[in-house]
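# Chain and residue survey
Take a look at the letters that make up each chain.
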Amino acid sequence: ENELLETVTLPKENLPEDGGYDLSWNEKYILAIDKQIESSQDQFGLVCFDEEGKVYLANVALFDWEGNLVKEYNKGAVGGYNEHNNYQVCFPDGKVFEYDRYYYLADGNHTYWIDEDKVIFECHLWVVYYDFSKDEGKVLDDMGKYLDAYGKFSGYYGVQSPQCGVINGDFYYLCNKVEQNGKTKNTVWKANENGTEELFEGKEFWHLF
């Protein structure tokens, strides 16, 4: 009934100076993700993953509900073009992630908390898991082959972004992994820290609520 229940103040020094960030939270943490806006076009919140599936976060900050900083993740990572005119992201420690090994996290519901320490990042062709209590993550579902094969038309494959959700610590998503004369066939999948599983014996669905 329009009643203010709680106020949390986050320290300005751990947030982008221009105020460009999105927030995602659960009962324990608040995650601030830098947004790509005009004044910081090349510095934005990301989840990155190497060829082995190891996960790294960049330009995100984790706070508790007292507003205290828990950890900043690779603050200052910057995107830009290399000498071959390929876009890449460079971390402050020198790590480099080239195109298709990173995913932009702000401006959309990409973050799904599955418990107070664990999160799923929905990255369309990748389903990524991260455990903040261990500071480590892994790629649960890698559908990058569709990007390699179809380029921009890979948008027809992978996770149907608006049709995802969490129930009892599991992430459910509608997904197309079937090549069938250019037609999409979506099936329901479940993901958690143990991996992924296709449900309903692969029965085709159009919507997941």
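Located above this text is the structure these notes cover.
Summary of the structure given here.

About the criteria used
- Residues numbered from 1 in each chain as written.
- Predicted model: local features only at pLDDT ≥ 70, side-chain atom pairs only at ≥ 80, totals over all residues.
- Heavy atoms only, no water.
- Helix = DSSP H or I, 4+ residues; strand = E, 2+ residues; numbered from the N terminus.
- Rg over C-alpha atoms; globule rule 2.2 N^0.38 Å.
- Buried < 20%, exposed > 50% of the residue type's maximum accessible area, 1.4 Å probe, protein only.
- Areas by Shrake-Rupley, 256 points an atom, 1.4 Å probe, with all protein chains shown as cover.
- Lys, Arg positive; Asp, Glu negative; His and termini not counted.
- Charge placed at Lys NZ, Arg CZ, Asp CG, Glu CD.
- Salt bridge = Lys/Arg side-chain N within 4 Å of Asp/Glu carboxyl O.
- Patch = residues over 30% accessible without salt bridge, like charges linked within 9 Å, V, L, I, M, F, W, Y side chains within 5 Å.
- Pairing = 2+ DSSP bridges.
- Axes fitted to C-alpha atoms, helices over the stretch in contact; angles between N-to-C directions.

We now examine the overall build of the chain. Helix and strand counts for the chain stand at one helix and 18 strands. Here the C-alpha atoms of the chain give a radius of gyration of 18 Å, agreeing with the 17 Å that 2.2 N^0.38 yields for 209 residues. In terms of principal-axis extent, the alpha carbons of the chain reach across some 55 × 50 × 30 Å. The buried share of the chain, taken over its 209 residues, is 46%. Put simply, the chain shows about 11,900 Å² of open surface, and 46% of that area lies on carbon and sulfur atoms. Distance between charge centroids for the chain: 6 Å, based on 18 positive and 39 negative side chains.

The subject of this paragraph is the pattern of salt bridges. Where side chains of opposite charge bring their charged atoms close, a pairing between them can arise. As enumerated under the stated definition, the model contains nine salt bridges in all. With a closest N to O distance of 2.8 Å, Lys-71 and Asp-135 form a salt bridge. Here Lys-71 is found in strand 6 (residues 69-73), whereas its partner Asp-135 is found in the loop between strand 13 (126-131) and strand 14 (136-142), with 64 residues between them in sequence. Residue class for Asp-135 comes out partly exposed when judged on its relative accessible area of 31%. Lys-177 is the partner of Asp-141 in a salt bridge, and the nearest nitrogen-oxygen pair spans 2.8 Å. Residue Asp-141 is found in strand 14, and its partner Lys-177 is found in the loop between strand 16 (170-176) and strand 17 (186-192); the two are separated by 36 residues along the sequence.

Moving on to a nonpolar patch on the surface. Where nonpolar side chains cluster on the molecular surface, the patch consists of Tyr-150, Phe-153 and Tyr-156 and spans about 330 Å² of accessible area. As for its placement among the helices and strands, Tyr-156 is situated in the loop between helix 1 (145-150) and strand 15 (158-167).

Here we come to the sheet that holds strand 17. Taken in spatial order, the four strands make up an open sheet running 15-16-17-18, and their pairing is antiparallel. Strands with a single pairing partner mark the edges of an open sheet, and in this sheet they are strand 15 and strand 18 (195-198). Averaged over all neighbouring strand pairs, the angle between strand axes comes to 25°, with direction disregarded.

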